[in-house]
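Residue-level structural notes
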Amino acid sequence: MSDTRGIEVRQEQPGDEAAVQRVNDRAFGQPDESRIVDAVRTAGNAVISLVAVEGTTIVGHILFTPVSITPHGPAPRALALGPMAVSPDLQRQGIGSRLVEAGLQECGRLGYQVVVVIGHPDFYPRFGFRPGSARGLRSAFDVPDDVFMVAELTPGVLTGVDGVVRYIPEFGGV
C-alpha cells in the first residue's frame, strides 16, 4: 500500500528490527516502547507488526499483540494495538492514521473481533475506538478511563460482555 507521498505500509521483515527500535525511541523520547517491541518479538507474540517506509527508510511502526478478556460470558478474539510510533519529523502527516487503518484491516482479515488500545483520546476515536467502560471492558492497568479504548471489528460482539483486559507479560505483567 502506498500513497502519493511515497509512503508504503508493509509487514515488518527480518532486518527491520534496528530501524523499528530507532523509530520507537525517537517517537517516545525513551527506550521503554522499543524494549517492549523487542521482548514481544523475542517471545513470538507479535500477531501483526507493520512498518511505514519512505523510500528505503522506516518512518513508522505499529504492533498488535494478544490480550485476554476475563468476561462474564464468551470472550471475543481480541488484540491490543500498541505501541504505534512515527518519526517525530513526520508526525501529523497521516502516517500514523495509515498504520492504524492498515493494522485494523489486517486484524479483521485474520478474524479478530475486538482491538483495544491505551492511547490518546483525541486520536483513536476516528478509527471507531470508544472508551472501554462504555463497552463493558476495563484495563488491568491503572489508566484513566478515556485512554483505555476498544473498537469492535465485529459489530455487537461486546454486547453483554463485562470483563477485564489483560495484556501479555511483555507489557509489564499486569
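Scroll up to find the structure.
Below is a summary of the structure that appears in this document. No experiment lies behind these values; they were computed from the predicted model shown.

Description of the overall build of the protein chain
On a plain count of helices and strands, the protein chain comes out with 3 helices and 9 strands. For the protein chain, the N- to C-terminal ordering of α and β elements is β-α-α-β-β-β-α-β-β-β-β-β. Its C-alpha radius of gyration of 16 Å places the protein chain within 12% of the 16 Å reference for a compact globule of 174 residues. For the protein chain, the C-alpha atoms occupy an extent of roughly 45 × 35 × 30 Å along the three principal directions. When each of the 174 residues of the protein chain is scored for burial, the buried share is 48%. Long-range contacts, defined here as pairs at least 24 residues apart, represent 67% of the contacts in the protein chain between residues at least 6 apart. Counting only carbon and sulfur atoms, one obtains 50% of the accessible surface of the protein chain, whose full area is about 8,400 Å². The protein chain carries 15 positive and 20 negative side-chain charges, and their two centres are separated by 2 Å.

A word on the layout of surface pockets
Of the pockets and cavities examined, the largest pocket occupies roughly 870 Å³. Forming the walls of the largest pocket are 30 residues, and the residues nearest its centre are Phe-28, Met-84, His-120, Phe-123 and Tyr-124. Every element with two or more residues in the lining of the largest pocket is listed here: helix H1 (17-28), helix H2 (32-43), strand S4 (78-86), helix H3 (95-109) and strand S5 (114-118). A total of 6 residues in the lining of the largest pocket trace back to one element, the largest contributor, which is S4. Grouping the constituent residues of the lining of the largest pocket by class yields 18 nonpolar, 8 polar and 4 charged.

Structural notes on the pairing of S5
Most of S5 is tucked away, with 4 of its 5 residues classed as buried. Examined bridge by bridge, S4 and S5 share 4 bridges and lie parallel to one another. Residue Ala-80 lies in a different strand from S5, and its bridge partner there is Val-116. Since S4 and S5 lie parallel, the crossover through H3 that links them has a hand, and here it is right-handed.

Re the pattern of salt bridges
Charged atoms that come close allow side chains of opposite charge to pair. Enumeration over the complete set of coordinates arrives at 8 salt bridges. One salt bridge in this structure joins Arg-10 and Asp-16, with 2.7 Å as the shortest N-O distance. There is no split in this pair, since Arg-10 and Asp-16 are both buried. When salt bridges that share partners are traced, they join Glu-12, Asp-38 and Arg-41 into one network.

Quick look at the packing of aromatic side chains
Two descriptors summarise a pair of aromatic rings, namely the distance from one centre to the other and the angle between the planes of the rings. Under the defined criterion, the tally for this structure stands at 5 aromatic pairs. Taken together, Phe-123, Tyr-124, Phe-127 and Phe-129 form an aromatic cluster joined through their ring pairs. A cation over an aromatic ring shows up here: Arg-77 above the ring of Tyr-112, its NZ or CZ 4.1 Å from the ring centre.

Basis of the calculations
- Residues numbered from 1 in each chain as written.
- Predicted model: local features only at pLDDT ≥ 70, side-chain atom pairs only at ≥ 80, totals over all residues.
- Heavy atoms only, no water.
- Helix = DSSP H or I, 4+ residues; strand = E, 2+ residues; numbered from the N terminus.
- Rg over C-alpha atoms; globule rule 2.2 N^0.38 Å.
- Buried < 20%, exposed > 50% of the residue type's maximum accessible area, 1.4 Å probe, protein only.
- Contact = heavy atoms within 4.5 Å.
- Areas by Shrake-Rupley, 256 points an atom, 1.4 Å probe, with all protein chains shown as cover.
- Lys, Arg positive; Asp, Glu negative; His and termini not counted.
- Charge placed at Lys NZ, Arg CZ, Asp CG, Glu CD.
- 1 Å grid on protein atoms, 1.4 Å probe; cavity = no way out; pocket = protein on both sides within 12 Å on 5 of 7 lines; lining within 4 Å.
- Points joined across faces, edges and corners; volume = space filled by probe spheres on them.
- Nonpolar A, V, L, I, M, F, W, Y, C, P; charged D, E, K, R; others polar.
- Pairing = 2+ DSSP bridges.
- Right-handed = clockwise from strand over helix to strand, strands pointing away.
- Salt bridge = Lys/Arg side-chain N within 4 Å of Asp/Glu carboxyl O.
- Phe/Tyr/Trp six-rings, centres within 6.5 Å; stacked < 30°, edge-to-face > 60°.
- Lys NZ or Arg CZ within 6 Å of the ring centre and 35° of its normal.

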